[in-house]
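# Overview (structure and organization)
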Amino acid sequence: LFGEVVTFSHFLPRRSLPYSRATPGELKAIGCTALDEQLRAARSRAHVYGRSSVRHVATEEGVTYIQNALGWPEDHGPAH
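Criteria and thresholds
- Residues numbered from 1 in each chain as written.
- Predicted model: local features only at pLDDT ≥ 70, side-chain atom pairs only at ≥ 80, totals over all residues.
- Heavy atoms only, no water.
- Pairing = 2+ DSSP bridges.
- Helix = DSSP H or I, 4+ residues; strand = E, 2+ residues; numbered from the N terminus.
- Axes fitted to C-alpha atoms, helices over the stretch in contact; angles between N-to-C directions.
- Contact = heavy atoms within 4.5 Å.
- Core = buried A, V, L, I, M, F, W, Y, C linked by side-chain atoms within 4.5 Å.
- Buried < 20%, exposed > 50% of the residue type's maximum accessible area, 1.4 Å probe, protein only.
- Salt bridge = Lys/Arg side-chain N within 4 Å of Asp/Glu carboxyl O.

## Considering the sheet that holds strand β4 (residues 63-67)
Read from one edge of the open sheet, 4 strands run β1-β2-β4-β3, paired in mixed fashion. Of all the strands in the sheet, the pair left with one neighbour each is β1 (5-9) and β3 (56-60). The mean inter-strand angle of the sheet, taken between neighbouring strand axes irrespective of direction, is 20 degrees. Both strand β2 (residues 44-49) and β4 contribute to a ladder of 3 bridges, which runs parallel. Paired with His-47 across the two strands is Tyr-65, which belongs to β4. Set on the sheet, helix α1 (residues 33-41) makes contact with β1, β2, β3 and β4; between it and β4 the angle comes to about 125 degrees.

## Quick look at the nonpolar core
Grouped together as the largest cluster of nonpolar side chains are 7 residues: Leu-12, Leu-17, Ile-30, Leu-39, Tyr-49, Val-63 and Tyr-65. Those residues in contact with Ile-30 that lie beyond four places of it in its chain are Leu-12, Arg-14, Arg-15 and Tyr-19.

## Focus: the pattern of salt bridges
Applying the stated rule across the entire model yields 5 salt bridges. Note that Glu-4 and Arg-45 form a salt bridge whose closest N and O atoms lie 3.1 Å from each other. Of this pair, Glu-4 sits in the segment before β1 while Arg-45 sits in strand β2, placing them 41 residues apart in sequence. On the basis of relative accessibility, which here comes to 61%, the residue Glu-4 falls in the exposed class. Between Arg-14 and Glu-61 there is a salt bridge, and its shortest N-O distance comes to 2.9 Å. Here the residue Arg-14 occupies a position in the loop between β1 and α1, and Glu-61 occupies one in the loop between β3 and β4, the gap between them amounting to 47 residues. Judged by its relative accessible area of 14%, Arg-14 is buried. In this structure Glu-61 comes out as exposed when scored by relative accessible area, which is 63%. Salt bridges sharing common partners tie together Arg-14, Asp-36, Arg-40, Glu-60 and Glu-61.

Function-wise, these values are silent; they only describe arrangement.
What follows is the structure in C-alpha cells.
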C-alpha cells in the first residue's frame, strides 16, 4: 500500500504539546522522546494522541499533531 502514514498513541510525544495541568502527575505522560522518534522514523504525516484533555491541532517539524479531547461525562450534561 502507498499513501500517507498516520500514527496513534495514548501519550503525548512532545513536551511542546498542550495538556491539562488539573490532573496530578500528568507531567509524567508528557513528552515521550522515543515515541516521537518512532513516529518520525515511520514518516508519519499526522499523529493522533490522547491523554492531554486539551483539544489541539498543530504542525511541528512536518508532523501534524491532533488531539480531539471529548472530556468527562459530567462535561456533557445528563444522558438522554
